[in-house]
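Summary of structural features
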Amino acid sequence: MRKSAFASFALATTLTCAVTGQNPPSSEKSGQVTLRWLGTAGWEISDGTTVILIDPYLSRIFGPQPPGRIPYARTPGDARPVYGWDDVATPDVAAIDAHVQRANFVLVTHTHYDHVLDVPHIALKTHATVIGTESTENVLRAYKVPKEQLITVRGGEDYEFGAFSLKVIPSLHSPLDRKHYFSSEKAPEGMKAPLTLRQMHPEGGTLAFLVRFHGHQILAFGGMNYIEREIEGLQPDVVLMGAAASRKEIHDYSGRLMRGLHYPAFVLPTHWDNFTAPFEASQQPSIDAVQSFVEEIKAASPKTKIIVPKYFEAIPLGTAAQ
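So, a few notes on the structure that sits alongside this text.

Criteria and cut-off values
Residues numbered from 1 in each chain as written. Predicted model: local features only at pLDDT ≥ 70, side-chain atom pairs only at ≥ 80, totals over all residues. Heavy atoms only, no water. Buried < 20%, exposed > 50% of the residue type's maximum accessible area, 1.4 Å probe, protein only. Helix = DSSP H or I, 4+ residues; strand = E, 2+ residues; numbered from the N terminus. Contact = heavy atoms within 4.5 Å. Pairing = 2+ DSSP bridges. Polar contact = N/O pair within 3.5 Å; in protein donor to acceptor, adjacent residues only side chain to side chain. Phe/Tyr/Trp six-rings, centres within 6.5 Å; stacked < 30°, edge-to-face > 60°. Axes fitted to C-alpha atoms, helices over the stretch in contact; angles between N-to-C directions.

As for helix α4 (residues 134-142)
- Here α4 lies mainly inside the structure; 7 of its 9 residues are buried.
- Within the sequence span of α4, burial applies to S135, T136, E137, N138, V139, L140 and A142.
- Of the surrounding elements, those touching the buried residues of α4 are α2 (113-116), α3 (119-126), β5 (129-132), β6 (150-152) and α6 (197-200).
- At the exit of α4 stands K144, carrying a positive phi of roughly 65°.

Regarding the pairing of strand β10 (residues 216-220)
- Judged by how many residues are buried, β10 sits mostly within the fold: 4 of 5 residues are covered.
- Relative to β10, strand β9 (residues 206-213) runs antiparallel, the two sharing 5 bridges. Following the sheet pairing, V211 is matched in β10 by I218.
- Hairpin connection, β9 to β10: the antiparallel pair is bridged by 2 residues, and H214 has positive phi, about 50°.

Observations concerning the environment of Y181
- Mapped onto the secondary structure, Y181 falls in the loop between α5 (176-179) and α6.
- Measuring from C-alpha to C-alpha, the distance between Y181 and P66 comes to 10.0 Å, with 115 residues separating the pair along the chain.
- Ignoring sequence-local partners within four residues, the contact set of Y181 consists of H112, H173, S174, L176 and E203.
- Of the polar contacts made by the side chain of Y181, one reaches the side chain of H112; its length is 3.2 Å.
- Within the local environment of Y181, its side chain forms a polar contact with the side chain of E203, the two groups lying 2.6 Å apart.

Points about the packing of aromatic side chains
- Inspection of every chain in the model, using the stated rule, returns 18 aromatic pairs.
- Judged by centre distance (5.6 Å) and plane angle (45°), the rings of Y226 and Y253 are tilted. Pair noted here: Y226 is in the loop between β10 and β11 (238-242) and Y253 is in helix α7 (residues 253-260), with a separation of 27 residues, a long-range link. Residue Y226 shares its accessibility class with Y253, and that shared class is buried.
- What links up through ring pairs into an aromatic cluster is the set W37, W43, W272, F279, Y311 and F312.

Here we look at the sheet that holds β5
- A sheet is described by the order of its strands in space; here 7 strands give the open sequence β6-β5-β4-β3-β2-β1-β14, paired in mixed fashion. The open sheet has two edge strands with one neighbour each: β6 and β14 (314-316). Each strand of the sheet is rotated relative to its neighbour by a mean of 20°, with strand direction disregarded.

Re unusual backbone geometry
- For the bond from A193 to P194, the omega torsion is 5°, close enough to zero to count as cis.
- Among the structural elements, P194 can be located in the loop between α5 and α6.
- Non-glycine residue H127 carries a positive phi angle of around 65°.
- Looking at the secondary structure, you find H127 in the loop between α3 and β5.
- With phi around 55°, R178 is a residue other than glycine that occupies positive phi space.
- For R178, the position within the fold is in helix α5.
- Taking relative accessible area as the criterion, R178 reaches 57% and is therefore assigned exposed.

Remember, this is a structural readout, not a statement about activity or role.
Okay, here's the thing in structure tokens:
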């Protein structure tokens, strides 16, 4: 039944590897859930009425590189400012507004700048409810997002929102810098905007989210790690699965996750592009690198279909069987 729900999936199952506010809702409600990749770990999930964003980050500032990653080499014509940890980074409001017109909910997996930098602007613009850790909420409070828009979670919550339900799952951050990455920091209370990148970057703990929406179950990770016991019993149709190189630091990363999730129908890799490069820059090294992830999923779960998304391309899931 679960896999038959995708009989009308609009995209071919052949891999595609090219990367090139709660305002008044739309009166049209199709019941068809559509995904859009916003780059990095950012996603939009919508049925035409309710819009759920996950880690929406569109500014793509030329900021500090993740530990151990090959730096992005500035290409001719790239005039973006260079930001260090002690700089106040300005979100690219034009890019955000071009791709986010409205939102009802924003889910934030953790408080690194490539997940949270754009969230204050989006929350103030759309009046969306933001769901995240205490660290995330402290960043939002610094930018005077009203408390009525903030729901603080720690993992384990399972909430009903009418149009959809949301299970919050404790998780782990990617094992960056050859497993040397570790952070117990959180963004503190009482900060005042504007914040430097260092102020808004404490991880604050990491979450995953299971979104149940029109009969679909969409499991979203914000990085390349998970807690195996926390995914027991989950059977999502779609997994938004971290696919960058640091996953290779995890034992049998793809195999354990596919088995633990009972071989989901669809996997969409996330957080595999170079997020310090502008959207128009070539992502060919990342495209080449993600092919090994595709092969891992094929080997671990041969019936699972893998779709490597393009920026902003609509991926309709069809109408789920009830």
